[in-house]
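Structural features, examined
Now for the letters of each chain:
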Amino acid sequence: MKLFSLTLISVVCCFLCSCEEIGYKVAVETGCSEEGAGTKGHVYITLYGEKGNSSTIRLHNEGKPGFQRCARDTFDISTEELGIVSKIRVELDCTRLSEEDNWFLKTVTVYDDTLKVQQSFPWYRWLETTADQKTESVEIKRNFETKYPDYKVTVETGVEEDAGTHGKVYITIYGEKGHSSKILLDHEGKPEFQKGQMDTFNITTKDVGSVSMIWIELDNTEESDSPNWFLKEVSLEDLERKRTQLFPWNRWLIPTADEKTISVDIPLFIPKTEYKVIVETGNEEDAGTHGNVYIIIYGEKGHSSKILLDHEGKPEFQKGQMDTFNITTKDVGSVSMIWIELDNTEESDSPNWFLYEVSLQDLKRKLEKQFPWNRWLKPTADHKTISVEIPLFSPTTGKQ
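Residues numbered from 1 in each chain as written. Predicted model: local features only at pLDDT ≥ 70, side-chain atom pairs only at ≥ 80, totals over all residues. Heavy atoms only, no water.

Our next topic: the sheet that holds strand E26 (residues 367–377). Across the sheet, four strands lie side by side as E23-E19-E25-E26; this open sheet has antiparallel pairing. With one partner strand each, in any of the chains shown, strand E23 (322–330) and E26 form the two edges of the open sheet. Each strand of the sheet is rotated relative to its neighbour by a mean of 20°, with strand direction disregarded. (Pairing = 2+ DSSP bridges. Helix = DSSP H or I, 4+ residues; strand = E, 2+ residues; numbered from the N terminus. Axes fitted to C-alpha atoms, helices over the stretch in contact; angles between N-to-C directions.)

In structure tokens form, the structure reads like this:
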């Protein structure tokens, strides 16, 4: 009698509220780069919107295996109208499996057939179960600002004898915002990393910002007949920012019987160039200094590090003297400004300096630029270092 009453109340409520179900299309993308990304478990979804939330719905298509590696599975589901969906809950259930199972969920896209609105819910992480905990669930909020850029990874194997490998190769990308997951570089059914070969892979991962380093692992746990590998270079093209960066290695990776995996950190290759710096000290009384002098070069591609201008065992920056220094630093492109610092923290007996001019020769581009100053730099007892920014002199206008 109680069950009948509840059913009657539900029917009346549904009639009064016109709780007509509407259709949603749910597309689920499983990772492609990650080894073992697919799952045999059951996957469930709950949608959360401005008007309420759906029931927990199993995502499956009769007679079709879902959630395989690299797959994009689409499901048609019906639920009460929810309005704009702002959050989803995804559950991996492996209770029916005898062993634990994991799944790399890339992204979920929900399309509202009534409102004609499409919402994306990127995850790009693993859902992992264990023998003791065979279900795992995550809540994913809609986030328009989260970006998951595409990278094109090109790997060049050397031409040395037996340079190719049959081992598995993984990459992790490091940047200012963190690092990507560990990604398998793999072409289904095609041999990679053979002698003299260039292999290209398209991967999507979290936005790590400006890339500074990559991590490469060679895995020979399956004990292939070609375990070693001569890695020449990896290039990484950020397709969103339209920027290509190089990570040269030019060395062997050699697993051993005891250590079947070997990994290396490869820093970003930063093109360098040579500059000739000519510093002219004025002819004024006591114009010379015994302080330390540093320079930073600024250009369209950034700036150099802070560089000490020094001749071992020779006095520099004396009255009426021209001192020449050859320095090698990152290529900053077209130079627009220099920064000069006079450091008297060692409290020399000649702390002040009359800097007349600095000339900078870009030996790569065969260009020379002038940075006139014609003024004193005077440290004080409280401030033993003094620095100035000197803009490029323009011969056309006669101004800096």
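Now for the pairing of strand E16 (residues 229–238). By the criterion of burial, E16 is predominantly enclosed, with seven of the 10 residues buried. With seven bridges joining them, strand E10 (residues 150–157) and E16 adopt antiparallel strand pairing. Along E16, the bridge assignment pairs Glu156 with Glu233. Examined bridge by bridge, E16 and strand E17 (residues 243–253) share nine bridges and lie antiparallel to one another. Looking across to E17, one finds that Glu237 is bridged to Thr244. Counted between consecutive antiparallel strands, the loop separating E16 from E17 contains four residues, among which Lys242 sits at a positive phi close to 55°. (Buried < 20%, exposed > 50% of the residue type's maximum accessible area, 1.4 Å probe, protein only.)

Inspection of every chain in the model, using the stated rule, returns zero disulfides. Cysteine Cys94 is unpaired, with the sulfur of Cys70 as its nearest cysteine sulfur at 19 Å. (Disulfide = S-S within 2.5 Å.)

Looking now at the pattern of salt bridges. Within this structure, the stated rule accounts for 18 salt bridges. Among the ionic pairs, Lys177 bridges to Asp207, the shortest N-O distance being 3.7 Å. Of the two residues, Lys177 sits in the loop between strand E11 (168–175) and strand E12 (178–179) while Asp207 sits in the loop between strand E14 (198–204) and strand E15 (211–219), which places them 30 residues apart along the sequence. The buried category is assigned to Asp207, whose relative accessible area is 13%. In the salt-bridge network here, residues are joined through shared partners; they are Lys177, Asp207, Asp238 and Arg241. (Salt bridge = Lys/Arg side-chain N within 4 Å of Asp/Glu carboxyl O.)

Purely spatial values, then, with no claim about function.
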